[in-house]
Amino acid sequence: MNHQVKDGEEIKIGSVRIKVRSTPGHTAGCVTYVIAGDFAAFTGDALLINGCGRTDFQEGNPGQLYDSVQNKIFSLPPECKLYPGHDYNGFMSTTVAEEKKNNPRLTLSRDDFIKLMNKKFDKSNKPKRMKEVFPRNMICGYPEPNEMKA
């Protein structure tokens, strides 16, 4: 079943209730899933451990990402466990308190964060095969109709 979630929507999986928080900025469609009781959240690529997602992807925006993290993730309780979409150093989780204290990007002011992200991701260092991957991401990985086998 495919279902596009919306900000504030509640999903129930078995007895577990999950609240959707829209956290755009890395891409326009990023969301964070918060387990009922605010004890854990799955942040996708909006917030990584000691970092955040790049902002030169589909409709990415550094100011929007900063606002999303500050208002929708850092507003969770300090002890809330955060699980990012991935980590390049093998870490599995962090907490709101740890990221508010130690995240080298998101401890900056909003203006300094925007300057840093615009400089770091100035479109000169996009990942290889970006032109192939982006269109596929925009349609959730589904093949184009002309690519489907009969």
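Residues numbered from 1 in each chain as written. Predicted model: local features only at pLDDT ≥ 70, side-chain atom pairs only at ≥ 80, totals over all residues. Heavy atoms only, no water.

Asker: Explain the sheet that holds strand β8 (residues 94-95) to me, using residue names and the numbers behind them.
Answerer: Taken in spatial order, the 6 strands line up as β1-β2-β3-β4-β7-β8 in an open sheet, and their pairing is mixed. One side of each edge strand has no neighbouring strand; the edge strands of this open sheet are β1 (10-13) and β8. Pairing of strand β7 (residues 81-84) with β8, which is carried by 2 bridges, proceeds in the antiparallel orientation. When the bridges of β8 are listed, K81 appears paired with T95. Sheet contacts for helix α1 (residues 62-73): β2 (16-22), β3 (31-35), β4 (40-44) and β7; angle to β2, the most-contacted strand, approximately 145 degrees. (Pairing = 2+ DSSP bridges. Helix = DSSP H or I, 4+ residues; strand = E, 2+ residues; numbered from the N terminus. Contact = heavy atoms within 4.5 Å. Axes fitted to C-alpha atoms, helices over the stretch in contact; angles between N-to-C directions.)

Asker: Pulling in residues and values, what's your account of the packing of aromatic side chains?
Answerer: Applying the stated criterion across every chain yields a total of 2 aromatic pairs. Seen from their ring centres, F42 and Y83 are 5.3 Å apart, and the 25 degrees between their planes marks the pair as stacked. With a gap of 41 residues between them, F42 in strand β4 and Y83 in strand β7 connect regions that are remote in the sequence. With a centroid separation of 5.3 Å and an interplanar angle of 45 degrees, the aromatic rings of Y66 and F113 are classed as tilted. Here F113 lies in helix α3 (residues 110-120) and Y66 lies in helix α1, a separation of 47 residues in the sequence. (Phe/Tyr/Trp six-rings, centres within 6.5 Å; stacked < 30°, edge-to-face > 60°.)

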